[in-house]
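Report on the structure
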Amino acid sequence: MSTYTPKNILVTGAAGFIASHVANRLVRNYPEYKIIVLDKLDYCSNLKNLFPSNSSPNFKCVKGDIGSADLVNYLLITENIDTIMHFASQSHGDNSFGNSFEFTKNNIYGTHVLLEACKVTGSQIRRFIHVSTDEVYGETDEDAVVGNHEASQLLPTNPYSATKAGAEMLVMAYGRSYGLPVITTRGNNVYGPNQFPEKLIPKFILLALRGQTLPIHGDGSNVRSYLYCEDVAEAFEVVLHKGEVGHVYNIGTKKERRVIDVARDICKLFNMDADKSIEFVENRPFNDQRYFLDDEKLKNIGWAERTTWEDGLRKTMEWYISNPDWWGDVSGALIPHPRMLMMPGGAERVSEQSESGLSGNDNQTKLLVPDAKNSASPQKPAFKFLIYGRTGWLGGLLGKLCEKQGIPYEYGKGRLQDRASLLADIAAVKPTHVFNAAGVTGRPNVDWCESHKTETIRTNYDAAHPEGSGIGFKEEDTPNIAGSYYSKTKSMVEDLLKEFDNVCTLRVRMPISSDLENPRNFITKISWYNKVVNIPNSMTVLDELLPISIEMAKRNLRGIWNFTNPGVISHNEILEMYKKYINREFTWSNFTLEEQAKVIVAARSNNEMDASKLKKEFPELLSIEESLIKYVFEPNKKNSAA
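We now turn to the structure provided with this report. (Residues numbered from 1 in each chain as written. Predicted model: local features only at pLDDT ≥ 70, side-chain atom pairs only at ≥ 80, totals over all residues. Heavy atoms only, no water.)

Side note on the overall build of the chain
Each helix and strand counted, the chain has 23 helices and 22 strands in total. Relative to its full complement of 642 residues, the chain shows a buried share of 55%. Contacts in the chain between residues far apart in sequence, at least 24 positions, make up 83% of those at least 6 positions apart. Working note: accessible area of the chain is about 28300 Å², and carbon and sulfur atoms make up 50% of it. (Helix = DSSP H or I, 4+ residues; strand = E, 2+ residues; numbered from the N terminus. Buried < 20%, exposed > 50% of the residue type's maximum accessible area, 1.4 Å probe, protein only. Contact = heavy atoms within 4.5 Å. Areas by Shrake-Rupley, 256 points an atom, 1.4 Å probe, with all protein chains shown as cover.)

In structure tokens:
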């Protein structure tokens with residue numbers, strides 16, 4: 001068996017999980033090799049993963065996207081690359097259901113750019129190792145005793161695995177048509193230190209560290225095989241040196257585990273009661289029951305699994321206990337069904353990492369960010385918001401939140417009743433998301449709408465913040481719109497928007513903020529009234545929920561959502577808190593609904609909106625009373641004894 005010896009290796013996606021272990025291993029074991037790593041530093045990448053290699057003279061880190069043909073061509077030529085190990089990809093199957101185009105762009109187009117660059121260099125590239133997944137084989141029969149071998153048919157079942165299979169077809173075509181020396185690997189699940197916690201094992205470990213339940217898709221009977229990261233890094237070391245051009249190698253193990261058993265093993269490590277700590281949640285759209293690989297071919301060229309499940313899981317747990325903040329804020333990844341274009345800390349973390357220590361030794365710059373002349377034009381931001389309602393309360397707050405989070409945004413100039421002006425806004429701004437916070441709610445209240453019905457329809461017709469009515473109403477229940485013309489126009493809009501699959505409708509209810517001087521604030525309003533009714537209602541604490549609306553946009557959530565804090569609170573309970581925290585001398589009186597009806601034009605809805613759907617997506621969401629204390633009354637507290 002001949003042995004291949006590379007000189008200059010380009011490792012793509014090397015700040016990610018598996019590739020960082022491979023890059024660090026090659027830097028450590030082969031000082032005569034030059035290792036150049038390329039990573040765009042997406043949400044699941046972290047330069048800290050490459051710290052072990054930072055001081056090595058045979059290591060260089062380049063920040064950039066494999067989709068930039070100019071950059072890739074520049075690196076292949078200037079670094080005299082003879083070997084490519086292509087790990088870069090979007091790899092989380094759950095995310096692919098919510099953002100499949102991003103997977104096509106990264107996994108297929110990015111691979112195509114690399115292959116084309118290799119073709120242009122002629123015979124310079126002596127090895128192109130393409131990293132694929134066991135998921136391209138599709139679901140294995142539950143009773144199969146022989147795993148999928150390398151010549152098995154590819155039958156992917158989700159957008160992620162379909163893009164990986166598509167990339168494989170491109171790799172194979174360039175091998176046959178242009179003689180590119182390609183090798184493909186297809187691997188089982190990998191776990192270990194440094195893994196971003198969108199994946200099962202690190203997610204469960206971090207949730208266990210926080211004392212939270214472990215969410216399992218479906219009934220937990222799905223079977224998977226798991227390999228420890230260092231064993232997988234060794235497998236790539238073997239494939240690099242002993243793999244045959246034109247061949248495919250499965251990197252796998254015959255030791256299988258049900259997801260429920262993985263959860264129980266983690267509960268055991270943390271001394272948790274599995275029956276109380278495991279929560280069964282809705283399954284993803286399609287969840288293959290089993291992936292089973294035949295791993296004999298790789299064993300025949302010298303690789304073997306070394307780490308037992310028990311040892312690997314223990315090492316992984318110990319690492320996360322020692323490094324709980326390695327990834328920063330990962331709360332968005334720990335929910336049962338993450339649907340993210342980019343997780344918290346992605347783009348923001350890039351600039352932090354650039355200053356965090358990969359600055360090189362005396363003679364070498366370790367983090368290279370190519371200048372404009374050597375790379376493609378700057379990447380577009382992940383998000384850009386177009387917001388309607390600039391002069392309104394919610395629209396103004398949304399703009400401030402975008403500034404705080406560093407999200408590019410512009411306010412719409414068009415009027416909602418003028419379709420041409422809206423199209424012009426969209427063409428000029430090119431937004432990823434449109435926030436519609438515009439609408440007439442009444443001047444000074446919804447009574448105005450009763451005598452200005454034409455203006456109300458014209459402005460509210462496309463509004464995206466409707467309220468429901470009726471006690472305990474869920475999103476799918478029919479609204480009770482008999483009370484006011486304002487409510488009727490909101491319900492009209494909901495019915496229209498149901499026909500579109502790219503709309504997220506948020507039902508805001510009695511909005512409250514920490515700005516107690518704002519006349520639109522529900523607390524401010526009732527504190528100014530001589531008399532108030534005393535009926536429990538659902539309400540929306542904007543300081544907590546508006547940031548969640550931006551996160552919902554990032555997750556590409558759709559449909560109707562009751563956008564309130566869980567639970568209800570009455571007018572009197574709020575005013576009691578106002579008296580306790582703000583003004584001990586404050587007094588008020590109540591009147592009955594009958595008395596209220598005599599002084600208002602439009603009947604008011606008094607109801608509880610079921611917020612369980614929102615709470616399930618955002619488990620950290622506080623109840624209405626807790627949220628009022630944390631976000632409104634504590635920051636404004638004037639009574640020292642409160």
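There is more to say after this.
Digging into the sheet that holds strand β7 (residues 189-191)
With respect to topology, three strands assemble into an open sheet ordered β7-β9-β11, the strand pairing being mixed. In this open sheet, the two edge strands, each paired with only one partner strand, are β7 and β11 (256-258). With strand direction ignored, the average angle separating the axes of adjacent strands in the sheet is 50 degrees. Judged from the three bridges that link them, β7 and strand β9 (residues 223-228) form a sheet pairing that is parallel. Considered in β9, the bridge of Asn189 is made with Tyr226. Its contacts with the sheet place helix α7 (residues 229-242) against β7 and β9, and it is angled at close to 75 degrees to β9. (Pairing = 2+ DSSP bridges. Axes fitted to C-alpha atoms, helices over the stretch in contact; angles between N-to-C directions.)

Topic: the side chain of Thr253
Counting through the fold element by element, Thr253 comes out in the loop between β10 (248-251) and β11. The buried category is assigned to Thr253, whose relative accessible area is 2%. Only 3.1 Å separates the side chain of Thr253 from the backbone nitrogen of Lys255, close enough to count as a polar contact. A polar side-chain atom of Thr253 sits 2.9 Å from a polar atom in the side chain of Glu305. Those residues in contact with Thr253 that lie beyond four places of it in its chain are Asn188, Ser225, Tyr226, Leu227, Asp295 and Glu305. (Polar contact = N/O pair within 3.5 Å; in protein donor to acceptor, adjacent residues only side chain to side chain.)

What to know about the sheet that holds strand β15 (residues 409-411)
Strand pairing in a sheet takes place through backbone hydrogen bonds and is either antiparallel or parallel in direction. Spatially, the three strands line up as an open sheet ordered β15-β14-β16, and their pairing is parallel. Looking at which strands have only one partner, the edges of the open sheet turn out to be β15 and β16 (433-436). The average angle at which neighbouring strand axes cross in this sheet is 20 degrees, direction not considered. Of the pairings in the sheet, the one linking strand β14 (residues 385-388) to β15 comprises three bridges and is parallel in character. By the bridge assignment, Ile387 is partnered in β15 with Tyr411.

Regarding the pairing of strand β5 (residues 127-133)
For β5, the buried fraction is high: seven of the seven residues fall into the buried class. Burial along β5 is two-sided: the face carrying Arg127, Ile129, Val131 and Thr133 and the face carrying Phe128, His130 and Ser132 are both buried. Where strand β4 (residues 83-86) meets β5, four bridges bridge the pair, whose relative direction is parallel. Bridge pairing in β5 links Ile84 to Phe128. The pairing of β5 with strand β6 (residues 182-187) spans six bridges and is parallel. Directly across from Thr133, in β6, lies its bridge partner Gly187. This β-α-β element, β5 to helix α5 (residues 159-178) to β6, shows right-handed connectivity. (Right-handed = clockwise from strand over helix to strand, strands pointing away.)

Points about the packing of helix α20 (residues 571-581) against helix α23 (residues 624-633)
Two elements in contact, α20 and α23, have axes whose closest approach is 12 Å; the angle formed by their N-to-C orientations is 35 degrees. Taken as a pair, α20 and α23 cross one another with a handedness that is right-handed. Of the residues in α23, those in contact with Ile574, Met577, Tyr578 and Tyr581 of α20 are Glu625, Leu628, Ile629 and Phe633. Partitioned by chemical class, the residues of the contact of α20 with α23 number seven nonpolar, no polar and one charged. (Left-handed = near helix turned anticlockwise from the far one by under 90°. Nonpolar A, V, L, I, M, F, W, Y, C, P; charged D, E, K, R; others polar.)

Considering the nonpolar core
General note: in soluble globular proteins, nonpolar side chains tend to be found buried as a group. Core analysis: the biggest nonpolar cluster contains 73 residues, and Val37, Met85, Ile201, Ile266 and Leu298 have the highest contact counts within it. The greatest single-element share of this core, amounting to eight residues, is contributed by α7. Excluding anything up to four places from it in sequence, Val37 contacts Val11, Ala14, Ala23, Leu50, Phe59, Lys60, Cys61 and Val62. Counting 24 residues, the second-largest nonpolar core is a separate cluster that includes Ile36, Leu71, Leu75 and Val171. (Core = buried A, V, L, I, M, F, W, Y, C linked by side-chain atoms within 4.5 Å.)

A word on the packing of helix α8 (residues 259-269) against helix α11 (residues 309-322)
The contact between α8 and α11 brings their axes to 11 Å, and the two run at 60 degrees. By the angle class used here, α8 and α11 are oblique. The chirality of how α8 crosses α11 is right-handed. On α11, the residues touching Val262, Asp265, Ile266 and Leu269 of α8 are Trp309, Leu313, Arg314 and Met317. (Parallel < 35°, antiparallel > 145°, perpendicular 65-115°, else oblique.)

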